[in-house]
Amino acid sequence: METSALPSVEAVTNSAYAKPRSRTKLVMAAAVGNALEFYDFTVYGFFALLIGKLFFPVHDPVGQLLLAVASFGVGFFTRPIGGLIIGMYADRAGRKKAMILTLALMALGTAMIAMAPTYHQAGLAAPVILVVARLIQGFSAGGEVGASTTLLLEQAPQNRRGLYASWQFASQGLAALAGALTGVALTSYLSDAQLESWGWRVPFVIGTLIVPVGFWLRGTLEEEPARARQPKPPKLPLVDVLRHHQRALLTGLGLTIAGTAAHFIIVFYLSIYAVKMLGLSQGTAMLSGCVSGTILFFLVPVGGYLTDRFGRNRLAQGSRIVLMLAIYPAFVALNRWPTPATLITIVSALSVVHAINIGGVGAMLGELFPRSVRATGGAVVYSLGVAIFGGFAQFFVTSLIVVTGNALAPAWYVIGCGALGLVAVAFMDEKAGRPLD
């Protein structure tokens, strides 16, 4: 028998990890941690006004809101630290072990928020517990995307990396939808007194219930081993990233900043904006979150698929320009016609463009770095971008509105960050359909 008739070890390995029956489990295992984070973010955003009232003894409602969104944003300070430590752990010990660690830390932070005493019950200890919980969650989230997205990329078929990695961001949409529906149900069936007494805790308790499923998915997942020809990871992956991959760091950071700013304004901040600036009901604001989450869940994978077919850079540039052109007139229309129909229409239109835009981002970030430092590099650029321009996006634009009196400040924020994304993609090499380094 001729040697050429025998399948190579690489072909056997690829086929083993491409079985249809394992693909769903792979995607679910990789996405569950990211989904839990954004579920918590969604319910926190929807209950930010109530949390501010319960945990921060400030008489001014705007001050309470600022402290509430700032306390959540504090968790993003530890994101880069978690990205560094867990990213390096993933590159040296394996993606699977890192993903189990991040899920455990995320569960701990969520449980702490669910059980945290209010200021009336514990005084200053209450906001301290809330902040510590967010610091733990932020640390976990910093390493989550790098490890899980890397796993998806490395086990996806070469011509489907964009589609596979897109499920990370699609899970954010599903999580936002679940969080919004939970908020709608609670505000519909519970009185204000019940919500303030115990109802606001329910969403965080629900979040902890999916953790055992996540542990099972990740614990039974088979991680594809590094092939023999791949170099061993360096002892200090961060040093290697900083020394040899500066261009990848800068372009990845610009791409992350643009997508993150748009995501946090469209998906999360518009619900707060609708209540505080437009005078719409909390129910309408939550409905807009449901619409946005649904669109992201269904269309982000479409965006990932399109980048596999037509190239990542072209789609990223075109959809980013459309979003930048649309965001300012969208906020003008919201303020001129502050009705539920206007809000839902604008959220829907912006979410469609945004979903297509971020469909290929996960693959683009992972493709910037070689396997030996991929989790570290991806975690660093993503956690830094999200920490600064996403976690504090609500605080930044709320402060800008208060200081300047300009209700269109969120639009300018998205446009400015979007410009950085355009520059970043212009310096990125097209990697769709090409083998990973």
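Before reading further, recall that the structure is shown in the block above.
Chemist: Which parts of the structure should I look at to understand the overall build of the protein?
Modeler: Within the protein, the secondary structure is distributed over 21 helices and zero strands. Of all 437 residues assigned to the protein, the portion counted as buried reaches 57%. In the protein, the proportion of contacts linking residues at least 24 apart, taken out of those at least 6 apart, comes to 87%. By element, 69% of the accessible surface of the protein is carried by carbon and sulfur atoms, the whole surface being about 17,500 Å².

Chemist: Looking at this model, I keep getting lost on helix α20 (residues 393–404). Mind explaining?
Modeler: Since the α-helix packs 3.6 residues into each turn, any two residues three or four apart lie on the same face. With 12 residues, α20 should reach 16 Å at 1.5 Å per residue; the first-to-last C-alpha distance of 16 Å fits that figure. Regarding α20, the residues found buried are Ala393, Gln394, Val397, Thr398 and Ile401. Considered in projection along α20, the buried side chains sweep an arc of 120 degrees and stay on one side of the axis. What points out from α20, more than 90 degrees from its buried face, is the exposed set Val402 and Val403.

Chemist: Is there a simple way to think about the nonpolar core in this case?
Modeler: Burial of nonpolar side chains together is a common tendency in soluble globular proteins. Among the nonpolar cores identified, the biggest contains 98 residues, and Phe55 and Trp200 are the most heavily contacted of them. The element contributing the most residues to this core is helix α14 (residues 246–276), with 17 residues. The contact partners of phenylalanine 55, leaving out residues within four places of it in the chain, are Ala116, Pro117, Thr118, Tyr119, Ala126, Pro127, Leu130 and Trp200. In this structure, Ala90, Met99, Ala156 and Leu217 belong to the second largest nonpolar core, which totals 16 residues.

Chemist: Can you walk me through the pattern of salt bridges in this structure?
Modeler: Where charged atoms of side chains with opposite charge meet at close range, the side chains can pair. Scanning the entire structure with this criterion turns up 10 salt bridges. Ionic pairing is found between glutamate 196 and lysine 53, a salt bridge with its closest N-O pair at 3.1 Å. Residue glutamate 196 is found in helix α10 (residues 192–197), and its partner lysine 53 is found in helix α3 (residues 48–55); the two are separated by 143 residues along the sequence. For arginine 161, the salt bridge goes to glutamate 367, with nearest N and O atoms at 3.0 Å. One end of the pair, arginine 161, is in helix α9 (residues 161–189); the other, glutamate 367, is in the loop between α18 (361–366) and α19 (374–389), and 206 residues separate them in sequence. Through salt bridges with shared partners, a single network forms among Asp91, Arg95, Glu154, Arg371 and Arg374.

Chemist: Honestly, the environment of leucine 323 in this entry has me stumped. Any pointers?
Modeler: Counting through the fold element by element, leucine 323 comes out in helix α16 (residues 312–336). The residues contacting leucine 323, other than those within four sequence positions of it, are Ala262, Ile266, Leu350, Val353 and His354.

Chemist: Can you help me understand the packing of aromatic side chains in this one?
Modeler: Centre distance and the angle of the planes are the two values used to describe a pair of aromatic rings. Going through the model one piece at a time under the given rule, you end up with nine aromatic pairs. Seen from their ring centres, tryptophan 167 and phenylalanine 297 are 6.0 Å apart, and the 65 degrees between their planes marks the pair as edge-to-face. With tryptophan 167 in helix α9 and phenylalanine 297 in helix α15 (residues 282–310), this residue pair connects regions lying 130 residues apart in the sequence. With relative accessibility at 22%, the residue phenylalanine 297 sits in the partly exposed group. Between the NZ or CZ atom of lysine 25 and the centre of the ring of tryptophan 216, over which it lies, the distance is 5.0 Å. Lying across the ring of tryptophan 337, arginine 336 places its NZ or CZ 5.6 Å from the centre.

Chemist: So what exactly am I meant to see when it comes to α16 here?
Modeler: Look at α16: 36 Å from first C-alpha to last across 25 residues, which is about the 36 Å you get at 1.5 Å a residue. Its maximal kink placed at isoleucine 327, α16 deviates by approximately 30 degrees, while the proline proline 329 follows within four residues. Burial in α16 covers these residues: Arg312, Asn313, Ala316, Ser319, Arg320, Leu323, Met324, Ile327, Ala330, Phe331, Ala333 and Leu334. Those residues of α16 that are buried lie in contact with α9, α14, α15, α17 (340–358), α18 and α21 (409–426).

So, how was this worked out
- Here the residue numbers are simple positions, counted from 1 along each chain's written sequence.
- Whole-chain, interface and lining totals are the exception, using all residues; otherwise, since this is a predicted model, local features are given only for residues with pLDDT of at least 70 and side-chain atom pairs are given and counted only at 80 or more.
- Side-chain measures were taken over the full set of non-hydrogen atoms in the model, leaving aside hydrogen atoms and water.
- To qualify as a helix, a DSSP run of H or I must reach at least 4 residues; to qualify as a strand, a run of E must reach at least 2; elements of each kind are numbered from the N terminus.
- Only protein chains enter the calculation, and the probe is 1.4 Å; a residue is then buried if its accessible area is under 20% of its type maximum, exposed if over 50%, and partly exposed in between.
- Any pair of residues with heavy atoms lying within 4.5 Å of one another is described as a contacting pair.
- For the area figures, the Shrake-Rupley method with a 1.4 Å probe applies, and any residue is considered shielded solely by the protein chains shown.
- An expected span of 1.5 Å times one less than the residue number is assigned to each helix.
- The arc under discussion is defined with respect to the helix axis, by the directions toward the C-beta atoms.
- Among the buried residues, those of types Ala, Val, Leu, Ile, Met, Phe, Trp, Tyr and Cys that are joined through side-chain atoms within 4.5 Å form a nonpolar core.
- Salt bridge criterion: a side-chain nitrogen from Lys or Arg within 4 Å of a carboxyl oxygen from Asp or Glu.
- Under the pairing criterion, centres of Phe, Tyr and Trp rings, with the six-membered ring standing for Trp, must be within 6.5 Å; the plane angle then separates stacked pairs below 30 degrees from edge-to-face pairs above 60, leaving the rest tilted.
- Charge over a ring is defined by NZ of Lys or CZ of Arg lying within 6 Å of the ring centre and within 35 degrees of the ring normal.
- Note on bend: at a given residue it equals the angle between the axes fitted to the 7 residues ending there and to the 7 starting there.

Everything listed here is a matter of geometry and, on its own, says nothing about what the molecule does.
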